[in-house]
Amino acid sequence: MLQALAERRLGDLPPVMPPPEAQWEQRARELAAAFGHLCAVHASYWDRDWHREHRGLGRYPEHHLWAAVQGYMDLYDAAEPTD
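Residues numbered from 1 in each chain as written. Predicted model: local features only at pLDDT ≥ 70, side-chain atom pairs only at ≥ 80, totals over all residues. Heavy atoms only, no water.

Peer 1: Tell me what's going on with the confidence of the model for the protein chain, and back it up with residues and numbers.
Peer 2: Across the protein chain, pLDDT averages 88, with 98% of residues at or above 70. The least confident element of the protein chain, judged by mean pLDDT, is helix α1 (residues 2-6) at 83; the most confident is helix α2 (residues 20-44) at 91. (pLDDT = per-residue confidence, 0-100. Helix = DSSP H or I, 4+ residues; strand = E, 2+ residues; numbered from the N terminus.)

Peer 1: Report on the packing of aromatic side chains, specifying residues and quantitative values.
Peer 2: Under the criterion given, the structure shown has four aromatic pairs. Relative to Trp 50, the ring of Tyr 45 has its centre 6.0 Å away and its plane inclined at 55°; by these criteria the two rings are tilted. For Trp 50, a relative accessible area of 11% translates into the label buried. In textbook terms, an aromatic cluster arises when at least three aromatic residues are bridged by ring pairs, as seen for Phe 35, Tyr 72 and Tyr 76. (Phe/Tyr/Trp six-rings, centres within 6.5 Å; stacked < 30°, edge-to-face > 60°. Buried < 20%, exposed > 50% of the residue type's maximum accessible area, 1.4 Å probe, protein only.)

Listed below in structure tokens is the structure:
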């Protein structure tokens, strides 16, 4: 392992994985943060000032809402146990 590191063969190194409990806790924190963001975007969606701030450069408010939903759903799917 040290030889692979010294030769910068990073693909040959085993992945470092935290214990399953830590992985679950991390997913739970990420899911809660994503849900909080989704709720904030949803609550602000019809606010004219929010719409104005989230428009421009080819992005529309709908894109922000879609991205919040998609991000939450991706994390939700990843948090599901794989049996």
